[in-house]
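# Examination of the molecular architecture
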Amino acid sequence: MSPSHTRRTSCRACAGSDLKLVVDLGSTALANSFPRSAAEFASEARYPLVVWFCPACSLVQLLDVVPAEQLFSNYIYVTGTSDTIAAHNREYARAVVEGLRLGKDDLVVEVASNDGSLLRCFQAHGVRVLGVEPASNIAERAVASGVPSVNRFFGHDEGRRLRAEFGPAKALIGNNVLAHVDDTLGFLRGAREVIGDEGRAIFEVPYLGEFVERLEYDTVYHEHLCYFSVSALMRLFEGAKMVIERVERHAVHGGSVRVFGAPAKRGLGHSAQALEFAAAERRAGWTSIERYQRFAREVAENKRALLALLEQLHSAGKSVAAYGAPAKGNTLLQYCGIDTRLVEYTVDKNPLKVGLFTPGSHLPVLPVATLLERQPDFVLILAWNFAEEIVRQQAEYARRGGRFILPLPLPRILEKV
Ligand SMILES: [Zn+2]
């Protein structure tokens with residue numbers, strides 16, 4: 001298969017062309033395209049996975065872009081499958097309904113609304129909702145569960161159409177989607193259209209701070225085109241005629257920021273709080289290339305240390321399985337070159353993934369119950385952002401002597417509880 005993808009030659013936020021290499025993670029299979037059988041391994045497409053930094057606007061980004069239709073048309077991450085996310089969604093809806101004082105005639109639009117899990121939490125407060133979801137199989141699932149949804153890709157023109165069709169929204173929510181969009185500015189301009197002059201555009205994105213400081217390089221995959229700092233977001237929001245009114249930190253997805261964008265009005269700039277974030281980011285070094293050069297060295301060291309640990313367990317005759325088949329795990333496995341020789345299989349709670357194979361590394365994905373049936377000596381937690389939940393749920397595996405390994409930021413075997 002000859003992969004069709006494009007490579008940008010300039011920054012997607014400011015069009016600057018003096019981009020600096022951060023780290024090259026090699027050529028990898030798409031982290032959410034799971035082969036169904038061994039017969040599909042040979043035809044798996046691989047694409048360069050390389051992170052860049054724009055010194056002009058400080059946006060950290062990928063330049064190699066795989067067409068969205070290829071990435072998302074049969075996407076199988078269904079948000080409803082995790083307890084941690086479900087609790088996060090309930091709290092998210094409550095905070096937005098109270099913060100914006102939403103009433104029952106108010107409309108909340110969510111872009112990339114997935115199976116409707118978050119919007120269902122808004123419905124519980126009695127507000128009107130509309131989901132916009134590009135994956136047809138998942139949009140249908142949302143509609144079937146009672147969440148009004150349209151199956152469309154979102155952008156500037158689509159924002160205009162939605163407003164004409166459904167009226168302005170009091171809140172437009174993009175939860176963990178902005179980083180997935182190639183035309184970031186067009187997407188934000190579409191959001192600006194949807195909210196009219198009174199609404200708020202609320203985006204939650206994985207935060208660059210955790211990415212850099214906790215060495216979360218496995219969150220790099222082809223879908224994930226941007227790694228946002230508040231500094232870079234401020235520049236992007238300005239380009240869509242919005243200002244950042246508020247910034248919140250959240251623990252979800254390994255560390256996220258939720259930013260509230262308001263329509264730019266005369267004399268109104270970014271809030272003092274947003275400006276403080278940007279100042280702190282400068283002090284932390286996240287707006288200059290030197291910090292990213294250190295990051296690249298640490299990534300290489302992580303790979304060396306993780307492989308050394310797994311080889312050592314392998315030589316000692318220990319059996320190792322993995323927990324989770326998240327996109328991030330597929331970057332980690334592929335970048336480190338881990339296959340079934342070192343990790344026999346992985347397990348996942350998502351029934352849509354069970355029976356498939358991890359992209360590129362080809363670990364079979366088995367049901368979670370396999371851990372108790374086969375009792376491997378060690379379990380490498382690929383879904384490390386859910387590590388606490390996983391360790392709690394697998395108390396019986398641990399009681400029988402099983403041990404957990406966390407891969408990042410430094411690979412380590414967890415102490416017995
Ligand atoms: Zn730039």
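Heads up: the structure comes first, above all this text.
Residues numbered from 1 in each chain as written. Predicted model: local features only at pLDDT ≥ 70, side-chain atom pairs only at ≥ 80, totals over all residues. Heavy atoms only, no water.

## Brief notes about the coordination of the zinc ion
So the rule is basically this: Metal donors: N, O and S atoms at distances within 2.8 Å, or within 3.2 Å for Na, K and Ca, with water omitted from the atom set so that some sites may seem incomplete. Here the metal geometry follows the donor angles, with tetrahedral for four donors whose angles all fall between 85 and 135 degrees, square planar for four and octahedral for six when opposite donors are more than 155 degrees apart and every other angle is between 65 and 115, and irregular for all the rest. Runs of H or I in DSSP of at least four residues are treated as helices and runs of E of at least two as strands, each being numbered from the N terminus.
The protein atoms that coordinate the zinc ion are C11 (SG), C14 (SG), C54 (SG) and C57 (SG), at distances of 2.3 to 2.4 Å. Geometry at the zinc ion is tetrahedral, judged from its four donor atoms and the angles of 101 to 115° they form at the metal. Read in sequence order, the donor residues coordinating the zinc ion give the pattern C-x2-C-x39-C-x2-C. In this pair, C14 is assigned in the loop between strand 1 (6–7) and strand 2 (20–29) and C57 in the loop between strand 3 (46–53) and strand 4 (60–62), connecting sequence segments 43 residues apart.

## Some remarks on the environment of T219
Condition: Each residue's exposure class comes from its accessible area (1.4 Å probe, protein chains only) as a fraction of the maximum for that residue type: buried when under 20%, exposed when over 50%, partly exposed otherwise. It only takes one pair of heavy atoms within 4.5 Å for two residues to be counted as in contact. Think of a polar contact as two N or O atoms within 3.5 Å of one another; within protein, one of them needs to be a possible hydrogen donor and the other a possible acceptor, and neighboring residues in sequence only count if both atoms come from side chains.
Within the fold, T219 resides in the loop between helix 7 (208–213) and strand 11 (226–227). Relative accessible area serves as the criterion here: at 10%, T219 is assigned to the buried category. It is 22 Å that separates the C-alpha atoms of T219 and L188, two residues lying 31 residues apart in sequence. In this structure, T219 is in contact with F211, H224, Y227, K328 and W384, ignoring residues within four places of it in sequence. Within the local environment of T219, its side chain forms a polar contact with the backbone oxygen of E216, the two atoms lying 2.7 Å apart.

## Structural notes on the sheet that holds strand 13 (residues 256–263)
Under the convention used in this document: Pairs of strands are assigned from DSSP output, requiring at least two bridges between the strands. Angles run from 0 to 180 degrees between N-to-C directions of axes, and those axes are lines fitted to C-alpha atoms, restricted for helices to the stretch in contact.
One open sheet accounts for seven strands, arranged 8-7-6-9-10-13-12; its pairing is mixed. On the outer flanks of this sheet lie strand 8 (149–150) and strand 12 (242–250), each paired with one strand and no other. Pairing geometry for strand 7 (residues 128–132) and strand 8, over two bridges, is parallel. Bridge pairing links G131 to S149 in strand 8. Lying on the sheet, helix 8 (residues 230–239) is in contact with strand 10 (200–206), strand 12 and strand 13; it crosses strand 12 at an angle near 150°.

## What to know about the pairing of strand 13
Burial of strand 13 is extensive: eight of the eight residues sit out of reach of the surface. Sheet topology note: the strand 10/strand 13 ladder contains six bridges and is antiparallel. Its bridge partner being in strand 13, A201 is matched across the sheet by G261. Direction of pairing for strand 12 relative to strand 13: antiparallel, over a ladder of eight bridges. Across the sheet, the residue bridging to I244 is G261, located in strand 13.

## Overview of unusual backbone geometry
Cis peptide bonds are those with omega within 30 degrees of zero, and the linkage from L408 to P409 qualifies with -10°. With respect to the helices and strands, P409 occurs in the loop between strand 18 (403–406) and strand 19 (412–413). With a phi angle near 70°, A15 is a residue other than glycine that sits in the positive phi range. Relative to the helices and strands, A15 is located in the loop between strand 1 and strand 2. Taking relative accessible area as the criterion, A15 reaches 55% and is therefore assigned exposed. Positive phi is not limited to glycine here, since A112 has a value of about 55°.

## Comments concerning the environment of G360
The residue G360 is located in the loop between strand 15 (346–347) and strand 16 (365–366) in this model. On the basis of relative accessible area, G360 is assigned to the buried category, the value being 17%. Sequence spacing of G360 and G146 is 214 residues, and the spatial spacing of their C-alpha atoms is 37 Å.

## Considerations on the packing of helix 5 (residues 156–166) against helix 6 (residues 184–194)
To keep it simple, the criterion reads: Put simply, angles under 35 degrees are roughly parallel, angles over 145 are roughly antiparallel, angles from 65 to 115 are roughly perpendicular, and the rest are oblique. Left-handed describes a crossing in which the near helix is turned anticlockwise from the far one by less than a right angle; the clockwise case is right-handed.
Running from N to C, helix 5 and helix 6 cross one another at 10°; their axes reach a closest spacing of 7 Å. On the basis of the axis angle, helix 5 is roughly parallel to helix 6. When the axes of helix 5 and helix 6 are compared, the crossing they make is right-handed. Note on element contacts: helix 6 touches helix 5 through G186, R189, G190, E193 and V194, opposite H156, G159, R160, L162 and R163.

## Some thoughts on the packing of aromatic side chains
Definition in use: Classification of ring pairs uses Phe, Tyr and Trp, with its six-membered ring standing for Trp, and accepts pairs whose centres are within 6.5 Å; under 30 degrees between planes counts as stacked, over 60 as edge-to-face, and the remaining range as tilted. By the criterion adopted, a ring carries a charge over it if an Arg CZ or a Lys NZ lies within 6 Å of its centre and within 35 degrees of its normal.
Summed over the entire model, instances satisfying the criterion amount to 11 aromatic pairs. Taking 6.4 Å as the distance between ring centres and 85° as the angle between the ring planes, the aromatic pair formed by Y207 and F277 counts as edge-to-face. With Y207 in the loop between strand 10 and helix 7 and F277 in helix 9 (residues 272–284), this pair connects stretches of sequence that are 70 residues apart. Between F211 and F295, the aromatic rings sit 4.9 Å apart at their centres with planes inclined by 40°, giving tilted as the arrangement. Of the two residues, F211 sits in helix 7 while F295 sits in helix 10 (residues 289–315), which places them 84 residues apart along the sequence. Classification of F211 by relative accessible area gives buried; the value is 2%. Aromatic rings pair up to connect F154, F187, F203 and F237 into one cluster. The ring of Y335 is capped by K303, whose NZ or CZ atom sits 4.7 Å from the centre of that ring. Seen from the ring of Y345, R374 lies directly overhead, with NZ or CZ sitting 4.9 Å from the centre.

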